[in-house]
Amino acid sequence: MITAETRKRIQIVGTIATLLLPTTFVAFPYLWMALSSFSPDKDLFSDRILPASLTLAHYRELFERTNFAEQFLNSVIVAVIATAICLTISTLAGYSLSRFRHRWSFERVMLIIYTIPPVLLVIPILLVFSRIRLTSTYVGLALGHSTFMLPFATLILSAYFNNIPTTLDEAALVDGTGRLGALLRIVLPLALPGIAATGIVIFAFSWNDYVFAFTLIAVKKMQTLPLGVQELAEGQTLQWGMLMSSAVLITAPMLLFFLLIQRKLLAGFIFAVTGEK
């Protein structure tokens, strides 16, 4: 006979094993990437699981032989601008969809727009931006990212605003505050978790984007990180050491940031869907 205590221990072990298996499967590529970035060239394709020695040579070569630092700064600037533009517009649009009745179902229209692949938007955007001289600029690339993320951000924020009682807005209006004042003073402070969660998704998309950057950026000094990594993969031989070290430096900031705010991020999306914190 299996006692209740033994059954409980078996359940705990089974739960841990069930969680460890997918976690190991997901984490292994990151671990291999990190170890490869610190491995000497002779150990990159050896049968060893762990390298015989560790080195920072690949990181040193990355900064000495490429424009990684400049590309890193470009990516930060573009992602910040794209997040600011997209959040500003989507916040106003989401509040409008949440508080005002419209004749047409704009939510469905935006959902359909979001299903369009980014590749189909790139050429029209390039033609328009080339005429107004926004190619190879921070603002141009940020606007390109915003065009794709705006429907998604508006839908998420609209759902978040729907879970904030309209009585708060009405009370502010009765007190003499205008509609914009009610949004800024009453609704936005309550919606900050949802806005922050949406902003993180926008920033991550802009940070990792390659399609828009490849199409809209034609000047080398304006290249972002995905374009720089692509250059390391060109040619007859792949520079695996620098490729892995650049991947670590690109992934680490976003990964650490997500780990630090994952609870607030999930809470923001859960509240947008269910209305429960």
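Quantities reported herein were computed from a predicted structural model and do not represent experimental measurements.

Thoughts on the overall build of the protein
Now for step 1: Scanning the protein for helices and strands turns up 11 helices and 0 strands.
Now for step 2: Its helices and strands in sequence order give the protein the pattern α-α-α-α-α-α-α-α-α-α-α, from N to C terminus.
Now for step 3: Looking at the protein as a whole, 36% of its 277 residues qualify as buried.
Now for step 4: Working note: accessible area of the protein is about 17,100 Å², and carbon and sulfur atoms make up 68% of it.

Considering the packing of aromatic side chains
Now for step 1: All told, the structure shown has 8 aromatic pairs when counted by the stated rule.
Now for step 2: When the centroid spacing of 5.2 Å and the interplanar angle of 85 degrees are considered together, the rings of Phe72 and Trp207 count as edge-to-face. Taken together, the residues span a long stretch of sequence, with Phe72 in helix H3 (residues 68-99) and Trp207 in helix H8 (residues 179-208) at a distance of 135 residues.
Now for step 3: Judged by its relative accessible area of 28%, Phe72 falls in the partly exposed class.
Now for step 4: On the numbers, 6.0 Å between centres and 15 degrees between planes, the contact of Phe203 with Trp207 is stacked. Remark: Trp207 and Phe203 occur in helix H8; sequence separation between them is 4 residues, near one turn of the helix.
Now for step 5: Looking at Trp207, the relative accessible area reads 3%, which means it is buried.
Now for step 6: An aromatic cluster is defined as three or more aromatic residues linked by ring pairs; in this entry it consists of Phe63, Phe68, Phe72, Phe203 and Trp207.

Some words on the environment of Leu150
Now for step 1: When you line up the elements, Leu150 lands in helix H6 (residues 138-162).
Now for step 2: For the pair formed by Leu150 and Ile89, sequence separation is 61 residues and the distance between their alpha carbons is 7.7 Å.
Now for step 3: Once residues lying within four places of it in the same chain are set aside, the contact partners of Leu150 are Cys86, Ile89 and Ser90.

Some words on the nonpolar core
One recurring pattern in soluble globular proteins is that nonpolar side chains are buried together.
Now for step 1: One finds Leu141, Phe161 and Phe212 to be the most contacted residues of the largest nonpolar core, which totals 32 residues.
Now for step 2: Elements with a contribution of two residues or more to this core: H3, helix H5 (118-131), H6, H8 and helix H9 (211-216).
Now for step 3: Ignoring any residue separated from it by four or fewer positions in sequence, one finds Leu141 in contact with Val78, Asp209, Phe212, Ala213, Leu216, Ile217 and Thr224.
Now for step 4: Of all hydrophobic cores here, the second largest spans 15 residues; its members include Met33, Met242, Met244 and Ala247.

Remarks on the packing of H3 against helix H10 (residues 225-232)
Now for step 1: At a minimum axis separation of 8 Å, H3 and H10 run at an interaxial angle of 145 degrees. Mapping the contact onto sequence places Phe68, Gln71, Phe72 and Ser75 in H3 and Leu225, Pro226 and Gly228 in H10.

Considerations on the side chain of His145
Now for step 1: Relative to the assigned elements, His145 resides in helix H6.
Now for step 2: Residue His145 is classed as buried on the basis of its relative accessible area, which comes to 2%.
Now for step 3: Reaching out from His145, the side chain makes a polar contact with the side chain of Asp209 at a distance of 2.8 Å.
Now for step 4: Those residues in contact with His145 that sit more than four places away from it in its chain are Val78, Ala82, Phe205, Ser206, Asp209 and Phe212.

Here's the deal with the pattern of salt bridges
Now for step 1: All chains considered together, the criterion is met by 4 salt bridges.
Now for step 2: Arg179 is the salt-bridge partner of Asp169, the closest N and O atoms lying 4.0 Å from each other. Here Arg179 lies in helix H8 and Asp169 lies in helix H7 (residues 166-174), a separation of 10 residues in the sequence.
Now for step 3: For Asp169, a relative accessible area of 2% translates into the label buried.
Now for step 4: Using a relative accessible area of 31% as the deciding quantity, one classes Arg179 as partly exposed.
Now for step 5: Sharing partners across several salt bridges, the network here consists of Arg99, Asp169 and Arg179.

Quick notes on the rules
For every chain, the first residue of its written sequence is number 1, and the numbers climb from 1 along that sequence. In keeping with the model being predicted, local features are shown solely for residues with a pLDDT of at least 70 and side-chain atom pairs are shown and tallied solely at 80 or more, while totals for entire chains, interfaces and linings include all residues. Derived side-chain values reflect all non-hydrogen atoms in the structure, with water molecules and hydrogen atoms excluded from consideration. Labels follow the DSSP assignment, with helices taken as runs of H or I lasting at least four residues and strands as runs of E lasting at least two, numbered in each case from the N terminus. To sort residues, take the accessible area from a 1.4 Å probe on protein chains only and compare it with the maximum for the residue type: under 20% means buried, over 50% means exposed, and anything in between is partly exposed. Accessible surface is estimated by sampling points in the Shrake-Rupley manner with a 1.4 Å probe; for residues, cover comes only from the protein chains shown. Under the pairing criterion, centres of Phe, Tyr and Trp rings, with the six-membered ring standing for Trp, must be within 6.5 Å; the plane angle then separates stacked pairs below 30 degrees from edge-to-face pairs above 60, leaving the rest tilted. We call two residues contacting when some pair of their heavy atoms lies within 4.5 Å. Throughout this description, the term nonpolar core refers to a set of buried Ala, Val, Leu, Ile, Met, Phe, Trp, Tyr and Cys residues connected via side-chain atoms within 4.5 Å. Interaxial angles span 0 to 180 degrees and are taken between N-to-C directions of axes, which are lines fitted to C-alpha atoms, for helices over the stretch in contact. Any pair of nitrogen or oxygen atoms within 3.5 Å is treated as a polar contact; in protein, a donor-acceptor pairing is required on top of that, and neighbouring residues in sequence qualify only through side-chain atoms on both sides. Salt bridge, as used here, is a side-chain nitrogen of Lys or Arg placed within 4 Å of a carboxyl oxygen of Asp or Glu.

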